[in-house]
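# Results of the structural survey
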Amino acid sequence: MINVLKIKKDFPIFENNPSLVYLDSTATSLKPRPVIEKLVEYYSKYSANIFRGVYSLSEKATKEYEKTREKIAKFINGKKEEIIFTRNTTEGLNLLAYSLGRKIIEKNDEIVTTIMEHHSNFVPWQILAQESGAVFKVININQSGDLDLYCKNIKIKKSKCKMTMQNSKLINLNNIITKKTKILTLTYISNVLGTVNPIKEIVMVAKKINPKVIVIVDAAQAAPHKKIDVLDLGVDFLAFSSHKMLGPTGVGVLWGKYDLLCEMFPFNFGGEMIAEVFLDKTFFKDPPYKFEAGTPAIAEVIALSEAVSYLEKIGLEKIEAYEKELVQLAYQRLKEEFGKNIKILGEGNIKERSGILAFNFYNLHPHDVAQILSEKNICLRSGHHCAQPLHQFLGVSSSCRASFYFYNDKDDVEKLVEGLKEVKIKFKL
Ligand SMILES: Cc1ncc(COP(=O)(O)O)c(C=O)c1O
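Residues numbered from 1 in each chain as written. Predicted model: local features only at pLDDT ≥ 70, side-chain atom pairs only at ≥ 80, totals over all residues. Heavy atoms only, no water.

### Observations concerning the domain arrangement of the protein chain
We apply this condition: As annotated, the domain borders come from an automatic or database domain assignment. Only heavy atoms enter the contact rule, under which two residues are in contact if any of them lie within 4.5 Å. Accessible surface is computed with a 1.4 Å probe, and the buried area is the amount of it that two parts give up when combined, taken over both parts together. Every case where a carboxyl oxygen of Asp or Glu lies within 4 Å of a side-chain nitrogen of Lys or Arg is listed as a salt bridge. Definition of a polar contact: a pair of N or O atoms within 3.5 Å, with one able to donate and the other able to accept a hydrogen when the atoms are protein atoms, and with sequence-neighbouring residues admitted only if both atoms are side-chain atoms. Counting from the N terminus, the helices are the DSSP runs of H or I reaching at least four residues and the strands are the DSSP runs of E reaching at least two.
Per the domain assignment, the segments making up the protein chain are domain 1 (4-23 + 316-426) and domain 2 (45-311). Put simply, the middle of domain 1 and the middle of domain 2, counted by C-alpha atoms, are 27 Å apart. Contacts between the two partners involve 33 residues from domain 1, matched on the other side by 31 residues from domain 2. Summing both partners gives a buried area of about 2600 Å² for domain 1 against domain 2, and 62% of it is carried by carbon and sulfur. It is Leu316, Leu390 and Tyr405 that lose the most area in domain 1 upon contact with domain 2, and together they represent 24% of the buried surface on that side. Our count for the contact surface shared by domain 1 and domain 2 stands at 1 salt bridge. Where Lys226 meets Glu320, a salt bridge forms, and the shortest distance between an N and an O atom there is 2.8 Å. Inspection of the region where domain 1 meets domain 2 yields 15 residue pairs in polar contact (both at pLDDT 80 or more). Of all the secondary-structure elements, those providing two or more residues to the side of domain 1 that touches domain 2 are helix 12 (316-338), strand 12 (356-361) and helix 14 (388-394). The element contributing the most residues to the side of domain 1 that touches domain 2 is helix 14, with 6 residues.

Here's what the structure looks like:
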């Protein structure tokens, strides 16, 4: 069982804002005390640059920094030398578009992505395709809000198909992945629909059609909520952000298969990523260091380790199951109270989705709804959530988004319902 009252005590923000209803963890999560304390510990006890000093403070900082690398490697079942610290998911994905994409993509090659991507996993590949003359293919979604991967050309009843959705035999990528596809890049969990994509099955089917296809996963919304095992998933690269999983801002993680990392050219050049520099040439260090030029976010990387410990202490399986229940309850309560006047994006996948509910309320502008809720200290996001292609596909320009984490509970759901009732009254609906 998740004890939310006990958990809330670990997050100082609730002490300072007792009435806070925080429903925007998809944008960034709140931070527990051990993470905040670890930041203070670094700055007050061993605040020195890493790798550069032979004095003990620097050695201590380096040790702590590398400890996080080991911890993250274990967290996702990768190897230490495959973990690159970036600024965030966005930087990890851009690094790949430059260092990998610009190396392997040629005219008429195919880059495949999906309509449900965050801009940070859409625009870098769209630009790369435009620059290189590659074909940019976008997988659509069906009415349920799932990727349109199932049952095409397979004679099976739709209901049967739904029950066994994770069965890779039902995933049909024949029209999507071809021998010309070099990169398939997709999100694990949609930051708008909450859809959890069957990554393992997609990888299996895609690599069967074309064993050379490189699969990249945007795990920004998965790492905070779901156990990830990169080997089991069979992916080639995976990126996520510390700040969405209880850690500090300014740090991201890019994991990649070591052989592929070795073949890639660095993204940034500068301090600590070089082996030797001569007047006419430069030799780089091995991965991961060749991708970590300049002084990194030392304190933040060190404190990320505490975030991972906190998540592991509660257990990601428990977190995932709890959020699934909470989001279903929220869906049910919102529907009970507002019926057709609340339109949930991707309504069909409600039983399978992660803790995210994007919706439109009557015909109100999402900013107006969010503004009124904010007066009651209810924080949720309004806008396109950096997923404009998806909103365009769904025929709406924007939406409100309530997102739930393990520090939310039924009370938060009720407060959201009450808040929306007030919105209704204010607009005389
Ligand atoms: C699915 C997804 N991908 C990528 C990002 C970008 O994350 P960041 O801003 O930390 O780089 C987000 C942020 O909301 C996201 O939800």
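There is more to say, and it comes next.
### A few points about the sheet that holds strand 11 (residues 342-344)
We count it as follows: Pairing between strands is defined by DSSP: at least two bridges between the two strands are required. In this analysis, axes come from line fits to C-alpha atoms, helices being fitted only over the stretch in contact, and the angle between any two N-to-C directions falls in the range 0 to 180 degrees.
Pairing within the open sheet is antiparallel, and its 4 strands lie in the order 11-12-15-14. What marks the edges here is a single partner per strand, and that holds for strand 11 and strand 14 (381-383). Between one strand and the next, the sheet's axes are offset by a mean angle of 30°, whatever the strand orientation. Of the pairings in the sheet, the one linking strand 11 to strand 12 comprises 3 bridges and is antiparallel in character. Counterpart to Lys343 in the pairing with strand 12 is Asn360. Set on the sheet, helix 12 makes contact with strand 11 and strand 12; between it and strand 12 the angle comes to about 15°. Where helix 15 (residues 410-426) meets the sheet, it contacts strand 11, strand 12 and strand 15 (399-403), and its direction lies at approximately 15° from that of strand 12.

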